[in-house]
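# Results of the structural survey
Read off the chains here:
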Amino acid sequence: MPDRPGDQWDRRVANGLAFLRRRLAGDYEVDEFGFDPELTDAVFHPLLRLLYRDWFRTEVSGVEHVPVHGPALVVGNHSGTVALDALILSAALHDKHPAHRYLRLLGADLVFRMPVVSEIARKTGGTVACNPDAERLLSGGDLVGVFPEGFKGIGKLYADRYKLQRFGRGGFVSAALRTGTPIVPVAIVGGEEIYPMLADIKPLARLLKLPYFPVTPTFPWLGPLGMVPLPSKWLIQFCPPIPTAHLTDSADDPLVVFNLADQVRETIQQTLHSLLERRPDPFGP
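Residues numbered from 1 in each chain as written. Predicted model: local features only at pLDDT ≥ 70, side-chain atom pairs only at ≥ 80, totals over all residues. Heavy atoms only, no water.

## Concerning the overall build of the protein chain
Looking only at helices and strands, the protein chain features nine helices and nine strands. Taken over the C-alpha atoms alone, the protein chain extends approximately 65 × 50 × 40 Å along its principal axes. Sorting the 285 residues of the protein chain into buried and exposed places 45% on the buried side. For the protein chain, contacts bridging at least 24 residues in sequence account for 78% of all contacts bridging at least 6. Surface summary for the protein chain: the accessible area is close to 14600 Å², and the carbon and sulfur share equals 61%. (Helix = DSSP H or I, 4+ residues; strand = E, 2+ residues; numbered from the N terminus. Buried < 20%, exposed > 50% of the residue type's maximum accessible area, 1.4 Å probe, protein only. Contact = heavy atoms within 4.5 Å. Areas by Shrake-Rupley, 256 points an atom, 1.4 Å probe, with all protein chains shown as cover.)

Here's what the structure looks like:
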């Protein structure tokens, strides 16, 4: 029997009330890191879905390279002045992956020192970017997302867009090697244009204890409106996984770690070039 016009809304209201009752009663589960799958599915992913699907018109390819089950370390380029790319990646992967897997993001210490932001990061599955936490998640069979460029990636000037910054000391590689986890490089095009960073006011950044203080075409000139991201066209491509199971005894070998990190970096850089050729207009359809 087909639904009557009001049935769908009745179900939504009933589901919403049931959700609120469970939250108020504490009838939900979080893991040892604070990850709350129910809240992520009900609140955060729907909001991010509006961004990646409707505002950024995101196209995702290569998701078949992400394992259906078991651990993998997803390594991406970082950009955008504000780290929306990590959130967009996690939501898009969850929606597009046949097993709807969650991506457990590793974030900088600053993220977990900020009120509200730290709580949201924990609730959505994030944790501090350190090898012990990464290895625990990988050993538990999770997908872990890392952005080795860190603040150097998201805080670079627009003139340096899509030029990968240094990957640090390759700590992410060591975590993968110790757990025998495959590394899945991912290239993200679109994040560089949402807040084009024209300048960095370093004295103000030091005063506010921030890694940088951006000047964009809309911020700080338009105040809060300057925080609205520009509607750039996004392309996300997952690359074939790089196996590490045969290198578990080399987790502490600096040469092996450096070479593998360099391989991941070069894979992402070349994929970025390819995606940019596919997307000549940053604000096209």
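## Let's talk about helix 7 (residues 171-179)
For helix 7, the complete set of buried residues consists of F172, V173, S174, A175, A176 and L177. Its buried side turned inward, helix 7 meets strand 2 (72-76), helix 5 (131-139), strand 5 (143-146), strand 6 (183-189) and helix 9 (254-278). Positive backbone phi, approximately 65°, marks G180, located one or two places after helix 7.

## Some words on helix 5
Of the positions making up helix 5, those classed as buried are D133, A134, E135, L137 and L138. Taken together, the buried residues of helix 5 touch strand 2, strand 3 (103-107), strand 4 (127-128), strand 5 and helix 7.

## Remarks on the sheet that holds strand 4
Within the open sheet, the seven strands sit side by side as 1-9-6-2-5-3-4. Their pairing is mixed. Of all strands in the sheet, those bounded by a partner on one side alone are strand 1 (59-61) and strand 4. As paired strands, strand 3 and strand 5 are joined by three bridges and run parallel to one another. Each residue of the ladder has a partner; that of L103, found in strand 5, is L143. Across the sheet, helix 3 (residues 84-96) lies against strand 1, strand 2, strand 3, strand 5, strand 6 and strand 9 (235-238), angled at about 170° from strand 3, the strand it touches most. (Pairing = 2+ DSSP bridges. Axes fitted to C-alpha atoms, helices over the stretch in contact; angles between N-to-C directions.)

## Topic: the environment of G141
The topology assignment puts G141 in the loop between helix 5 and strand 5. A sequence separation of 47 residues divides G141 from H94, and the C-alpha atoms of the two residues are 16 Å apart. Dropping the residues within four chain positions of it, G141 is found in contact with G70, P71 and R101.

## Thoughts on the pairing of strand 2
By the criterion of burial, strand 2 is predominantly enclosed, with five of the five residues buried. Neither face of strand 2 is open: one carries A72, V74 and G76, the other L73 and V75, and all of them are buried. As paired elements, strand 2 and strand 5 share four bridges and run parallel to each other. Residue pairing in the sheet places L73 in a bridge with V144 of strand 5. Judged from the four bridges that link them, strand 2 and strand 6 form a sheet pairing that is parallel. Considered in strand 6, the bridge of V75 is made with P185.

## Focus on the environment of V173
Structurally, V173 can be placed in helix 7. It is 10.0 Å that separates the C-alpha atoms of V173 and D252, two residues lying 79 residues apart in sequence. Excluding its chain neighbours within four sequence positions, the residues that come into contact with V173 are V257, L260 and A261.

## As for the nonpolar core
V75, F172, V264 and I268 are the most contacted members of the largest nonpolar core, which totals 30 residues. At the level of secondary structure, the elements contributing two or more residues to this core comprise strand 2, helix 5, strand 5, helix 7, strand 6 and helix 9. Counting residues per element, this core draws most heavily on helix 9, at seven residues. With near-sequence residues (within four places) excluded, V264 lies in contact with V75, F167, F172, I183, P185 and I242. A72, L84, L103 and F238 belong to the second-largest nonpolar core, a separate cluster that totals 26 residues. (Core = buried A, V, L, I, M, F, W, Y, C linked by side-chain atoms within 4.5 Å.)

## Overview of the pattern of salt bridges
For the structure on display, the rule yields 14 salt bridges. Between R104 and D142 there is a salt bridge, and its shortest N-O distance comes to 4.0 Å. Taken together, the positions of R104 in strand 3 and D142 in the loop between helix 5 and strand 5 put the pair 38 residues apart, joining distant regions of the chain. On the basis of relative accessibility, which here comes to 24%, the residue D142 falls in the partly exposed class. Across the salt bridge formed by D200 and K202, the nearest N and O atoms sit 3.2 Å from each other. (Salt bridge = Lys/Arg side-chain N within 4 Å of Asp/Glu carboxyl O.)

Just geometry here; none of it tells us what the structure is for.
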